[in-house]
Amino acid sequence: MVRNELMAGLNPAYGYPEKFHPQAAEFFMNYTLEKELGCPNEKISNLLPPKDRICRFCSLKYPSVTFRKDAHIYSEFLGNKYLLSDFECDNCNLRFGTYEDHFSKFLGIARTMLSVKGKEKIPKFKSPGGKVVIESDLGEGNQTIIHAKRAITSDETFVFDAETKTTKINFTKHPYIPVKAYKALLKMALSCIDEKELWAYKMAFEYLKNGKHDKEWIGMAHVYRYAMPYTFCYLKPCGFLYRKRNPFNPAYTHVFVLNALNSIYQFVVPFHASDLQYANKKPGLILPWAPPLFGSPYPFSINTIRQMQLDFSSADTVRNDKESLTFSGSDDSYEIARIIDKRTGQIREEAFDGSKIIGIDFLRQPYDPKDHGPTDPSTLS
Ligand SMILES: [Zn+2]
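Reference entry: report on the structure contained in this document. (Residues numbered from 1 in each chain as written. Predicted model: local features only at pLDDT ≥ 70, side-chain atom pairs only at ≥ 80, totals over all residues.)

## Describing helix α1 (residues 21–30)
Okay, step 1: Ala 24, Phe 27, Phe 28 and Asn 30 are the residues of α1 that are buried. The buried residues of α1 occupy an angular sector of 160° when the element is viewed end-on, so they sit on one face.
Okay, step 2: Packing partners of the buried residues in α1 comprise β1 (31–38) and β10 (232–244). (Buried ≥ 20, exposed ≤ 12 C-beta atoms within 10 Å, placed from the backbone. Helix = DSSP H or I, 4+ residues; strand = E, 2+ residues; numbered from the N terminus. Arc of directions from axis to C-beta. Contact = placed C-beta atoms within 7 Å.)

Encoded structure:
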């Protein structure tokens, strides 16, 4: 991994794969780290008592609004247990819960595959109509077994390719509204903005409040994403708020980067008062990609990192968003099937026939207990 001299403000343990050097140079030339906010390992105790709180999202104070619920800065289902805020009222918390629900549906099977616990347990993924069910089972000794089952064997949910020795599981995500999923991300970014600069984001808070402006204030809901294979996971989310170095540079003031699960999301924090002058001007602003940062060497090939640009502008429900999961099996597993007789425990062999298979189990090694630094990019293998 490498670093460049412009990264001086970042944790010295962080680096990026060499392949991303040109974009890192461009990004850090324009932006510098303003704040890194990771999740603590235990409850934080310096929060204001509820009666002294003001909600930054609706500007209401106690007692016009209540602050009874734990308000998580990053969604709890991403693995954030203890990073809480004292500036989100129960009403806003409830509304953000619906945004998170859309974001979670957009994520599909990620949380199950990566065995990241939400409030209580690792979620089970059940595709619409129950066609495919994926479960993560924490067994003894921290072994994890992922079970995939399908309802009928005659469909295209499991595809076995004997030639490439790969298996593909095809499934459909639950319907979600992109702009609502985006607002879950935006809320996390706005929670990281310094209190003294909140005034500049008045429009962003207005936009987050409801769907009133979803069809007119468009164009900024674009998110860059790096997706790592499911053998990798940030056990806890971590956010990086970057600020443009030169205030006169025609670029957005803040860029937010969130490392969560097996992905990195990057987007501009929209509607800063001093950025509005760039709105509707052509050519549009170009946002350089921040390089993917890791706290320790990663256990996968760089070529498996996928880079994609997501457009979350639409306020219409996305249905039939398809995803697939591909993995390879052992050399002879596509020729010979070993069948265990559950009654006698005996194993018999017969010719492999994919059309008879209703379930697949994969075994995953335990997490590496080694500390990988504040962003916790822990590994699975
Ligand atoms: Zn509020």
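## Thoughts on the nonpolar core
Okay, step 1: With 86 residues, the main nonpolar core has Leu 185, Leu 190 and Ala 204 as its most contacted residues.
Okay, step 2: Top element by residues in this core is helix α4 (residues 178–190). It accounts for nine residues.
Okay, step 3: Look past the residues within four positions of Leu 190 in its chain and what remains in contact with it is Tyr 201, Ala 204, Phe 205, Leu 208 and Val 269. (Core = buried A, V, L, I, M, F, W, Y, C linked by C-beta atoms within 7 Å.)

## What about the packing of helix α2 (residues 90–107) against α4?
Okay, step 1: Contact geometry of α2 with α4 gives a least axis separation of 7 Å together with a crossing angle of 115°. The angle between α2 and α4 falls in the class roughly perpendicular. Between α2 and α4 lies a crossing whose hand is left-handed. Together, Phe 96, Thr 98, Tyr 99, Glu 100, His 102, Phe 103 and Phe 106 of α2 and Lys 180, Ala 181, Lys 183, Ala 184, Leu 185 and Lys 187 of α4 make up the contact between the two elements.
Okay, step 2: Tallied by class, residues from the contact of α2 with α4 come to seven nonpolar, two polar and four charged. (Axes fitted to C-alpha atoms, helices over the stretch in contact; angles between N-to-C directions. Parallel < 35°, antiparallel > 145°, perpendicular 65-115°, else oblique. Left-handed = near helix turned anticlockwise from the far one by under 90°. Nonpolar A, V, L, I, M, F, W, Y, C, P; charged D, E, K, R; others polar.)

## Examining the environment of Val 257
Okay, step 1: The residue Val 257 is located in strand β11 (residues 254–261) in this model.
Okay, step 2: We classify Val 257 as buried; it has 25 C-beta atoms within 10 Å.
Okay, step 3: Once the C-alpha coordinates of Val 257 and Arg 225 are considered, the two residues, 32 residues apart in sequence, prove to be 9.5 Å apart.
Okay, step 4: If sequence neighbours within four positions are ignored, Val 257 has contacts with Gly 239, Phe 240, Tyr 242, Ile 264, Gln 266 and Ala 290.

## Regarding the pairing of strand β8 (residues 166–172)
Okay, step 1: As judged from the four bridges shared by strand β7 (residues 158–161) and β8, these two strands associate in the antiparallel manner. Each bridged residue has a counterpart across the sheet, and for Val 159 the counterpart in β8 is Lys 168.
Okay, step 2: Alignment of β8 against strand β14 (residues 322–328), held across seven bridges, turns out to be antiparallel. The residue of β14 that forms the bridge with Thr 166 is Ser 328. (Pairing = 2+ DSSP bridges.)

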